[in-house]
Amino acid sequence: MHDFDFLFGSWDVANRRLSELFTGSTTWDEFPGHAVIRPVLGGMGNINEIHFPTKDFRGVTLRLYDPSSGQWKLHWADTTTGALLPPVTGGFTDGRGDFHGDDTHEGRPVRVHFV
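Since the structure is predicted, the reported quantities are computational estimates derived from the model, not experimental observations.

Draft legend 1. Expanded view of the pattern of salt bridges. For the structure on display, the rule yields four salt bridges. The partner of R17 in a salt bridge is D29, and the shortest N-O contact between them spans 3.8 Å. Pair noted here: R17 is in strand β1 (residues 9–18) and D29 is in strand β2 (residues 28–40), with a separation of 12 residues, a long-range link. For the salt bridge of K55 with D29, the shortest nitrogen-to-oxygen distance reads 2.8 Å. With a gap of 26 residues between them, K55 in the loop between β3 (45–52) and β4 (57–66) and D29 in strand β2 connect regions that are remote in the sequence.

Draft legend 2. Focus on the side chain of R63. With respect to the helices, strands and loops of the structure, R63 is situated in strand β4. Despite its burial, R63 remains without a salt bridge, the nearest opposite charge being carried by D5 at 9.3 Å. At 2.7 Å, the side chain of R63 forms a polar contact with the side chain of N46. Not counting the four nearest positions on each side in its chain, R63 is found in contact with F4, L7, I37, M44, G45, N46, N48, W72, K73 and L74.

Draft legend 3. Unusual backbone geometry, seen in detail. Residues other than glycine seldom take positive phi values, yet D56 does so here, at roughly 55 degrees. Within the secondary structure, D56 is located in the loop between β3 and β4. Even without being glycine, D94 reaches a positive phi, approximately 50 degrees. Looking at where D94 falls in the secondary structure, it is placed in the loop between β6 (88–93) and β7 (96–105).

Draft legend 4. How the structure looks around the packing of aromatic side chains. Scanning the entire structure with this criterion turns up eight aromatic pairs. Centroid distance F4 to F99: 6.1 Å. Interplanar angle 35 degrees. Geometry classified as tilted. Here the residue F4 occupies a position in the segment before β1, and F99 occupies one in strand β7, the gap between them amounting to 95 residues. Using a relative accessible area of 5% as the deciding quantity, one classes F4 as buried. Since its relative accessible area comes to 1%, F99 is described here as buried. Between the aromatic rings of F52 and F57, the centroid separation amounts to 4.6 Å while the plane-to-plane angle is 35 degrees, which identifies the pairing as tilted. Note on F52: relative accessible area 5%, which makes it buried. Site record: aromatic cluster; members linked through ring pairs are F4, Y65, W72, F92, F99 and F114. Lying over the aromatic face of W28, R16 brings its terminal NZ or CZ to 4.0 Å of the ring centre. A cation over a ring is seen here: R63 above F4, with NZ or CZ 4.8 Å from the ring centre.

What counts and what doesn't
Residues numbered from 1 in each chain as written. Predicted model: local features only at pLDDT ≥ 70, side-chain atom pairs only at ≥ 80, totals over all residues. Heavy atoms only, no water. Salt bridge = Lys/Arg side-chain N within 4 Å of Asp/Glu carboxyl O. Helix = DSSP H or I, 4+ residues; strand = E, 2+ residues; numbered from the N terminus. Buried < 20%, exposed > 50% of the residue type's maximum accessible area, 1.4 Å probe, protein only. Lys, Arg positive; Asp, Glu negative; His and termini not counted. Polar contact = N/O pair within 3.5 Å; in protein donor to acceptor, adjacent residues only side chain to side chain. Contact = heavy atoms within 4.5 Å. Phe/Tyr/Trp six-rings, centres within 6.5 Å; stacked < 30°, edge-to-face > 60°. Lys NZ or Arg CZ within 6 Å of the ring centre and 35° of its normal.

Structure follows, in structure tokens:
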């Protein structure tokens, strides 16, 4: 239940994402952000609010722990759409977090993997 406690606080962060998805591109878009992460629900979850000043948008991650399965669900929303995306689900093994989920990209179903 405390897997993400190391993130709590206020952080300047570096972000990377592929410039073009599903094209074979290896070009990365790199940009700064500022994140504030805090526990919620008595530690059964946490919320990460992040601002990307050079991209002029904000996002939020809500992480919720399910004690019955021992897994986390990570939910994302941002100011570009205002929509809450489908969660990725998973957990940690030997200090590595692996989370999987189903989503869509430009109308096509995709399988998401977050490490």
